[in-house]
Amino acid sequence: MDCDLSHARAVAVEAAEAAGDVVRARLFRHFEVHEKGDAGDVVTELDYAAEKVVVSRIQAAFPGHRVISEEMGGVDGTADAPDGGGARWTWLIDPVDGTNNVVIGLPVLAVGIALCRDGVPVVSAVHDPVSRRTWSAARGRGAWIATGDAACHPLHTPKVEGHGRRRPLLAWIQGYAVGRDDATARAMRALVADRAHRVLDLWAPLTCWTMLARGDIDGIVGYRIGEIDLHAGALIAIETGLHVRDFSGGPYDARLHGLGLGPGTGSGLEPPDEQSLLAGSAEMVAELAAMVPVARRTAAGTAGRT
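Just so you know, the residues in each chain are numbered from 1, in the order the chain's sequence is written. Local features are withheld for residues below a pLDDT of 70 in this predicted model, meaning they are given only at 70 or higher, and side-chain atom pairs are given and counted only at 80 or more; totals for whole chains, interfaces and linings count all residues. Calculation of side-chain values draws on the structure's entire complement of heavy atoms; hydrogens and water are dropped beforehand.

Caption draft 1: Quick peek at the sheet that holds strand β12 (residues 198-200). Here, strands pair whenever DSSP counts at least two bridges between them. Each helix is a run of DSSP H or I of at least 4 residues and each strand a run of E of at least 2, with the numbering of both proceeding from the N terminus. The strand order β12-β11-β13-β15-β14 describes an open sheet built from five strands, whose pairing is mixed. Single-partner strands in this sheet number two, and they are β12 and β14 (243-246). Adjacent strand axes in the sheet meet at a mean angle of 20 degrees, parallel and antiparallel pairs treated alike. Here strand β13 (residues 219-223) runs beside strand β15 (residues 277-280); their pairing, made up of four bridges, is antiparallel. Within the sheet, the bridge partner assigned to V221 lies in β15 and is L278. To obtain an axis, a line is fitted to C-alpha atoms, over the contacting stretch when the element is a helix, and the angle between two such axes runs from 0 to 180 degrees between their N-to-C directions.

What follows is the structure in structure tokens.
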């Protein structure tokens, strides 16, 4: 059975905003924090509370769809549900993207939801609980923004005005698996920093994607990134007319790669190491792509001297 994407987007928006209400109400109060994995990641009771809200709403609306969430892991849909489609329909949920920020009192976070059809993201919603803004998109149909109780407005390709800057404002995103000894990461980041007016490392990828979609930043460099906090934001950027490419500057494979996620593993959805990306205008992406071989040669030279 097929899925009404307009209805799916509405459900995603409602679920993200409901989770945002839960997070915002408890954001500056005491909450429990626990370590997650060996890479310095954490999880809080806010993550679990927001996740419960989103998952329950998604499962109520689409009981036959598979759900993969950051903390809960993967849950198959009900096989005999009217919308049962096996593995065809998969929801990705990041209940609090930016948990490490929340823990230190920095309110830079988002709730992210994406629906994939046969592994391809087709619907997404990203909600900022602090500003109460919500971005959403449907593949091939466009992207929208809503603020509070205001009606949705279409998003278009942002004007590259640079806020008076002569050099671009860029965001750097890297996966938790990237270690301090990754020579390519160090070399690429150094090149990006040398070219940019400023490089943002927000620890909240979905926030970076919404900033790119509205024109607040000029580009994104994503290095060995995970999928839970990728597809919802990337789809919004693509539907505003921006470009997402791989590190060679060629077409980016936007399909969902990691499908085997166990409970509580979170970053277990990270794709292969070579899944890195560049995003922005066509000109910005081409400029960033030209840095990649330079960074790799630098990294190779560094390795040869050790």
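Caption draft 2: Here's a closer look at the environment of F31. Position of F31 relative to the elements: it lies in the loop between α1 (5-26) and β1 (33-36). By relative accessible area, F31 is classed as buried at 10%. Aside from chain neighbours lying at most four places away, what touches F31 is R26, T44, E45, L46 and V102. Partly exposed describes any residue whose relative accessible area lies between the buried limit of under 20% and the exposed limit of over 50%, with all areas from a 1.4 Å probe on protein chains only and scaled to the type maximum. Any two residues having at least one pair of non-hydrogen atoms within 4.5 Å are treated as being in contact.

Caption draft 3: Main features of helix α6 (residues 231-239). Burial analysis of α6 places eight of its nine residues in the buried class, which makes it a mostly covered element. Listing the buried residues of α6 in full gives H231, A232, G233, A234, L235, I236, A237 and E239.

Caption draft 4: Quick peek at the packing of aromatic side chains. Pairing of aromatic rings covers Phe, Tyr and the six-membered ring of Trp, with a centre-to-centre limit of 6.5 Å; geometry is then stacked below 30 degrees between planes, edge-to-face above 60, and tilted otherwise. Scanning the entire structure with this criterion turns up three aromatic pairs. Three or more aromatic residues link up through ring pairs in this structure, and these residues are W172, Y223 and F247. In this structure, R9 is placed above the aromatic ring of W144, and the distance from its NZ or CZ to the ring centre is 3.9 Å. Two conditions define a charge located above a ring, namely a distance within 6 Å from the ring centre to NZ of Lys or CZ of Arg, and an angle within 35 degrees of the ring normal.

Caption draft 5: Spatial organisation of unusual backbone geometry. One non-glycine residue, D118, lies in the positive phi region at around 55 degrees. Along the chain, D118 turns up in the loop between β6 (110-117) and β7 (120-128). Located in the positive-phi region is R224, a residue other than glycine, with phi close to 50 degrees. Looking at the element boundaries, R224 is found in the loop between β13 and α6. Among the residues examined, R224 registers a relative accessible area of 16% and is labelled buried.

Geometric values such as these leave the question of function open.
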